[in-house]
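As a plain string of letters, each chain reads:
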Amino acid sequence: MPDDVVIRVQNLSKQYRIGAHEGYKTFRETLVDTVKVPFQRLSSLLSAPRSLLSPPGDTIWALKNVSFEVKKGEVLGIIGRNGAGKTTILKILSRITEPTEGRVELKGRVGSLLEVGTGFHPELTGHENIYLYGAILGMDRWEVTKKFDEIVAFAELEKFIDTPVKRYSSGMYMRLAFAVAAHMEPEVLLVDEVLAVGDAIFQRKCMDKMGKAAEGGRTVLFVSHNMSAVSSICQRGILLEGGEISFSGTAHETVSLYLDQCAETARDEMKISQRKDRTGSGEVRLTNFYIEDEAGQKIEHIRNGETVRLVFDYATESNREVENVDFQLVVLTQSGELVFQFGTRFTGQKIKMIPPKGKFICEIRKFPLVPGRYRLDSYLVTGETISDYIAWLTQIDVIDGDFYKSGYRVFEKESKFLIDASMFLRESQ
């Protein structure tokens with residue numbers, strides 16, 4: 001492998017048997033399980049024979065003949081729809097899972113942030129978990145101690161560092177996990193979609209940290225649905241479709257092609273019920289979507305300043321009632337920047353039971369967005385489990401409706417939102 005190449009992937013393929021579990025555990029998983037159950041014999045955590053795998057069944061190829069190289073100091077963005085194989089690549093590079101076919105060559109220490117809080121013990125404090133997670137990532141104790149204050153300051157968790165992490169929110173988990181992984185200063189940093197958990201300010205800090213890591217000669221592989229982030233920090237991009245690389249080029253070229261494909265799919269007449277690029281348990285699934293005006297007539301475009309209803313048809317699995325359902329819709333720019341989110345969690349509505357079929361209806365009065373084209377995502381949660389998540393569920397076109405009844409059209413460069421407000425002039429006495 002050439003001296004300037006840090007990662008080389010050759011004809012990488014990964015096959016999964018539906019319903020089966022991997023018949024082995026990584027050292028990382030073994031170490032974490034050992035901490036969780038200190039008196040359990042270590043031998044019970046070791047690999048199970050492959051003959052103990054679930055009986056043969058249907059198989060899928062999460063990856064098929066994937067090949068690419070990444071040079072030292074390069075930031076590579078890996079993008080694609082849900083189920084395209086992005087996370088599978090990072091898991092193989094992190095040695096969390098084994099490839100079915102192909103070869104991977106890596107130079108240097110690898111730091112990975114694939115799932116929020118992976119490697120954390122819930123009963124331990126943030127302080128203790130920094131040392132635990134640092135050890136899992138390959139850091140010596142003296143190295144963790146040297147960077148401890150810097151890690152805590154970056155995570156902004158000074159007040160909670162001696163609190164058990166089981167009381168942390170998902171955002172606090174992510175901040176601490178990223179802070180440890182980033183300050184480990186690995187030669188290769190693998191980052192999955194977990195940054196979506198953080199707030200906008202912390203996401204900016206993470207982007208800056210990854211950018212500085214690359215400037216310092218480190219290599220970063222970045223998986224995200226935030227196309228703005230991919231465009232801003234990545235030099236190159238890879239687009240995955242169905243486990244294969246469909247395009248490789250500059251980050252700008254790759255993102256542009258992906259957005260065009262997403263917009264085309266959103267305009268497609270295919271029913272939502274037939275969409276395969278979705279994730280979740282399937283206990284409740286969306287089956288259709290349309291937009292209505294205030295009179296209940298279906299419309300193709302939203303005119304800002306007017307009342308609109310976003311209507312989502314759903315159906316439950318096995319045609320039965322389902323308890324504790326939360327529904328959220330997310331509106332983003334086409335590049336993936338959050339515009340607003342709204343749903344039952346925000347309004348405090350606790351839906352204890354939903355019938356087998358029905359509609360979620362979101363009525364928005366005086367629709368507040370400036371003219372433009374937006375992306376709509378949605379997700380359903382049952383209890384604490386994602387039931388149905390669809391990115392790029394559809395595309396929304398907003399046209400000018402003379403929001404202020406002034407004849408003046410507000411463009412995106414002037415404002416993102418149109419607020420229901422008035423201006424007054426009052427003479428001082």
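All of the points below concern the structure found in this document. (Residues numbered from 1 in each chain as written. Predicted model: local features only at pLDDT ≥ 70, side-chain atom pairs only at ≥ 80, totals over all residues. Heavy atoms only, no water.)

1. A closer look at empty space enclosed by the protein
And then number 1: Per the counting criterion, the structure on display carries two cavities of 30 Å³ or more.
And then number 2: Here the largest cavity is characterised by a volume of approximately 50 Å³.
And then number 3: For the lining of the largest cavity, the secondary structure elements donating two or more residues are helix 8 (251-267) and strand 19 (385-399).
And then number 4: Its residues assigned to classes, the lining of the largest cavity comprises four nonpolar, two polar and two charged.
And then number 5: Together, Asn304, Asp400, Asp402, Phe403, Tyr404, Tyr408, Val410 and Leu418 line the second largest cavity.
And then number 6: Partitioned by chemical class, the residues of the lining of the second largest cavity number five nonpolar, one polar and two charged. (1 Å grid on protein atoms, 1.4 Å probe; cavity = no way out; pocket = protein on both sides within 12 Å on 5 of 7 lines; lining within 4 Å. Points joined across faces, edges and corners; volume = space filled by probe spheres on them. Helix = DSSP H or I, 4+ residues; strand = E, 2+ residues; numbered from the N terminus. Nonpolar A, V, L, I, M, F, W, Y, C, P; charged D, E, K, R; others polar.)

2. What about the sheet that holds strand 7 (residues 219-223)?
And then number 1: The strand order 5-6-7-3-8-9 describes an open sheet built from six strands, whose pairing is mixed. Only two strands of the sheet have a single partner each, and these edge strands are strand 5 (110-113) and strand 9 (244-250). Within the sheet, the average angular offset between the axes of one strand and its neighbour, ignoring direction, is 15 degrees.
And then number 2: As paired strands, strand 5 and strand 6 (residues 188-191) are joined by four bridges and run parallel to one another. The partner of Ser112 across the bridge, within strand 6, is Leu190. (Pairing = 2+ DSSP bridges. Axes fitted to C-alpha atoms, helices over the stretch in contact; angles between N-to-C directions.)

3. Concerning the packing of aromatic side chains
And then number 1: Following the criterion strictly, the structure yields 10 aromatic pairs and no others.
And then number 2: In this structure an aromatic cluster arises from ring pairing among Phe289, Phe312, Tyr314, Phe327 and Phe360.
And then number 3: Sitting above the plane of the Tyr16 ring, Lys14 keeps its charged end 5.1 Å from the centroid.
And then number 4: One residue, Lys366, lies across the ring of Phe403, its end atom 4.4 Å from the ring centre. (Phe/Tyr/Trp six-rings, centres within 6.5 Å; stacked < 30°, edge-to-face > 60°. Lys NZ or Arg CZ within 6 Å of the ring centre and 35° of its normal.)

4. What about the pattern of salt bridges?
And then number 1: Counted under the stated rule, the structure contains 18 salt bridges.
And then number 2: Close ionic contact of Glu292 with Arg309 constitutes a salt bridge, the shortest N to O distance being 3.8 Å. Residue Glu292 is located in strand 10 (residues 284-293), and its partner Arg309 is located in strand 13 (residues 308-316); the two are separated by 17 residues in the primary sequence. With respect to burial, Glu292 and Arg309 carry one shared label: buried.
And then number 3: Each of the salt bridges in this network shares a partner with another, and the network as a whole consists of Glu292, Arg309, Glu363 and Arg365. (Salt bridge = Lys/Arg side-chain N within 4 Å of Asp/Glu carboxyl O. Buried < 20%, exposed > 50% of the residue type's maximum accessible area, 1.4 Å probe, protein only.)

5. A closer look at the nonpolar core
And then number 1: Within the largest apolar cluster, 52 residues are counted, with the highest numbers of intra-cluster contacts made by Ile130, Leu176, Phe178, Met210 and Phe222.
And then number 2: No other element matches helix 5 (residues 170-183), which puts 10 residues into this core.
And then number 3: One finds Phe327, Cys362, Leu380 and Val410 within the second-largest nonpolar core, a separate group that totals 34 residues. (Core = buried A, V, L, I, M, F, W, Y, C linked by side-chain atoms within 4.5 Å.)

6. Focus: helix 5
And then number 1: Taking 1.5 Å per residue as the helical rise, helix 5 with its 14 residues ought to reach 20 Å, and the 20 Å between its terminal C-alpha atoms agrees with that figure.
And then number 2: Across the 14 residues that make up helix 5, a large majority, 13, are buried.
And then number 3: At the C-terminal side of helix 5, Glu185 shows a positive phi close to 55 degrees. (Expected span 1.5 Å × (residues − 1).)

7. Looking at the environment of Phe148
And then number 1: Of note, Phe148 is situated in helix 4 (residues 141-155).
And then number 2: Phe148 sits in the buried class, given a relative accessible area of 11%.
And then number 3: Here Phe148 is in contact with His127, Ile130, Tyr131 and Ile161, once residues within four sequence places are set aside. (Contact = heavy atoms within 4.5 Å.)

8. Description of the packing of helix 4 against helix 5
And then number 1: At a minimum axis separation of 8 Å, helix 4 and helix 5 run at an interaxial angle of 140 degrees. For the element pair helix 4 / helix 5, the angle class is oblique. In the packing of helix 4 onto helix 5, the handedness of the crossing is right-handed. On the side of helix 4, the interface is formed by Lys147, Glu150, Ile151, Phe154 and Ala155, while helix 5 contributes Arg175, Leu176, Phe178, Ala179, Val180 and His183.
And then number 2: Taken together, the residues of the contact of helix 4 with helix 5 break down into seven nonpolar, one polar and three charged. (Parallel < 35°, antiparallel > 145°, perpendicular 65-115°, else oblique. Left-handed = near helix turned anticlockwise from the far one by under 90°.)

9. Some thoughts on the pairing of strand 3 (residues 75-80)
And then number 1: Along strand 3, six of the six residues are buried, which leaves the element largely enclosed by surrounding structure.
And then number 2: Burial along strand 3 is two-sided: the face carrying Val75, Gly77 and Ile79 and the face carrying Leu76, Ile78 and Gly80 are both buried.
And then number 3: As defined by bridge partners, strand 3 adjoins strand 7 across four bridges and the pair is classed as parallel. Pairing of Leu76 across the sheet is with Leu221, part of strand 7.
And then number 4: Strand direction decides the pairing type here: strand 3 and strand 8 (residues 236-241), joined by five bridges, are parallel. Looking at the pairing, Gly80 lines up with Leu240 of strand 8.

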